[in-house]
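Examining the three-dimensional arrangement
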Amino acid sequence: MTPLLTVDDLAVEFATRDGVVRAVDGVSLQVGPGEILGVVGESGSGKSVTAMSVLGLIRPPGRVVRGSVRFDGEDLLTLPARRLRRIRGRRIAMIFQDPMTALNPVVPVGAQIAEAIRLHQPRLGRAAVRARVLELLASVGVADPAARYGRHPHEYSGGMRQRAMIAMALANEPDLLIADEPTTALDVTVQSQVLALLDTARREAGAAAVLITHDLGVIAELADRVAVMYAGRVVEHGDVHQVFATPRHPYTRGLLSSRPRLEAAGDLVPIPGSPPDLLAPPPGCAFEPRCALAAGRAACRADRPEPVVVAAGHLSACHFPEEPV
Ligand code: ADP
Ligand code: MG
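Quick look at the structure, then.

Here is what the cut-offs are and how they apply
Residues numbered from 1 in each chain as written. Chains lettered and ligands numbered in written order. Predicted model: local features only at pLDDT ≥ 70, side-chain atom pairs only at ≥ 80, totals over all residues. Heavy atoms only, no water. Helix = DSSP H or I, 4+ residues; strand = E, 2+ residues; numbered from the N terminus. Rg over C-alpha atoms; globule rule 2.2 N^0.38 Å. Buried < 20%, exposed > 50% of the residue type's maximum accessible area, 1.4 Å probe, protein only. Contact = heavy atoms within 4.5 Å. Areas by Shrake-Rupley, 256 points an atom, 1.4 Å probe, with all protein chains shown as cover. Lys, Arg positive; Asp, Glu negative; His and termini not counted. Charge placed at Lys NZ, Arg CZ, Asp CG, Glu CD. Near = heavy atom within 4 Å. Polar contact = N/O pair within 3.5 Å; in protein donor to acceptor, adjacent residues only side chain to side chain. Nonpolar A, V, L, I, M, F, W, Y, C, P; charged D, E, K, R; others polar. Phe/Tyr/Trp six-rings, centres within 6.5 Å; stacked < 30°, edge-to-face > 60°. Lys NZ or Arg CZ within 6 Å of the ring centre and 35° of its normal.

Next up on the list: the overall build of the protein. For the protein, the helix and strand inventory stands at 11 helices and 12 strands. Taken against the 2.2 N^0.38 rule, which gives 20 Å for 325 residues, the C-alpha radius of gyration of the protein at 21 Å falls within 12% of a compact globule. In terms of its C-alpha atoms, the protein occupies a principal-axis envelope of roughly 70 × 50 × 40 Å. With 325 residues in all, the protein has 48% of them scored as buried. Relative to all contacts within the protein whose residues are 6 or more apart in sequence, the contacts with residues 24 or more apart total 64%. Within the structure as shown, the protein displays about 15,400 Å² of accessible surface, and the carbon and sulfur contribution to it stands at 54%. Measuring between centres, the 35 positive side-chain charges of the protein sit 7 Å from its 35 negative side-chain charges.

This is how it looks when you write it as structure tokens:
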């Protein structure tokens, strides 16, 4: 399989008054055509910064200091701004947690989606564009699209706005969708409808997706592969069933056991402690202070573990991936 997206050794820093924040420090991951990669990790682990980097959206004081982002054979990090803008929106589309980051509050929703289509397909006639907008709105479950075409975002409910943003993201049939916590702000019913939409986009348009969420259940249901992030690094990466059935990194095991079981109403067992300060990350394994497996061992404190292959297509960045917790 030739990956559609290959992120290799990506590092992003933010210069702040207190020092340099190493937000992303050596992230590598791959997404195949039509595949859904789930990205999971506690808040602050670098998921959003990774996603923004892929789209060339890191702005000062942030800076990509290392690595490459190859999409369909081109390195997006060195592409001229004009070429990148063409790819963004047309071939790679982004879905945010807050639809208002993507929607313009003073422009009717229909006109915004029409504009997204015209930007990349300037030769399409007015009537054809309008018909396509109505079709898109209907396909994401916006009832009575003709009536809603001329309405402004604030006249839509939260769930409808999320759908409108997804319609806009799907407008140009992108090859890759990047969804950053797309349903976190929504109630459970709308959440599952929106996720079903993503799944439909994948099946019908063959779109690949990077799905960022802290909900392991969503990843188990939708993703083909999963990347587990901690302190700006990918600590485990592999087939979702394999990783969830036999997690090889203690952090992944911790996340999985902190999740309330669907079948037994067990208590949530949070991982003790908190992630390290990325202004001064520890020299060894960033998870060491919280890791039951490390137990003060010198290797964990002194050397940062690199991802190693623990099974076919399954990587873990732990010095002792063979040991049970
Ligand atoms: P996640 O999406 O996994 O919750 P983020 O990617 O948003 O995490 O953030 C990763 C790290 O980068 C965090 O420690 C965060 O504080 C830092 N960071 C993100 N944006 C900025 C910024 N504009 N300035 C300083 N630090 C930032
Ligand atoms: Mg985030």
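All right, on to the site of ligand 1 then. Around ligand 1, the surrounding shell consists of F14, T16, A23, E42, S43, G44, S45, G46, K47, S48, V49 and L278. Measuring from an oxygen atom of ligand 1, one finds a backbone N or O atom of S45 at 3.1 Å. Here an oxygen atom of ligand 1 sits 2.8 Å away from a polar atom, N or O, in the side chain of K47. For ligand 1, whose free accessible area comes to 570 Å², the fraction covered by protein is 65%. Contributing elements (two or more residues each) for the shell around ligand 1: strand 1 (5-16) and helix 1 (47-54). Residues that form the shell around ligand 1 fall into these classes: four nonpolar, six polar and two charged.

Bringing the packing of aromatic side chains into the picture now. Following the criterion strictly, the structure yields three aromatic pairs and no others. Both rings, one in Y230 and one in Y251, keep their centres 4.5 Å apart while their planes meet at 50°; by these two values the pair is tilted. One end of the pair, Y230, is in strand 9 (residues 225-230); the other, Y251, is in helix 10 (residues 250-258), and 21 residues separate them in sequence. According to the relative accessible area criterion, Y230 is buried, its value standing at 3%. Here Y251 and F287 contribute two aromatic rings whose centre-to-centre distance is 5.3 Å and whose plane-to-plane angle is 70°, an arrangement assigned as edge-to-face. Here the residue Y251 occupies a position in helix 10, and F287 occupies one in the loop between helix 10 and helix 11 (298-302), the gap between them amounting to 36 residues. Grouping residues by exposure puts Y251 and F287 together as buried. Here the aromatic residues Y230, Y251 and F287 are joined through ring pairs into a cluster of three or more. The residue whose ring lies beneath R130 is Y149, and the NZ or CZ to ring-centre distance is 4.3 Å. Looking at R297, its charged tip hangs above the ring of F320, at a distance of 3.6 Å from the centre.

Residue placement: A169 occurs in helix 6 (residues 158-170). With relative accessibility at 6%, the residue A169 sits in the buried group. Sequence separation between A169 and A207 is 38 residues, and the spatial gap between their C-alpha atoms is 11 Å. Ignoring anything within four residues of it in the chain, the contact list for A169 reads A93, M94, I95, P174 and L177.

Purely geometric numbers; function is a separate question.
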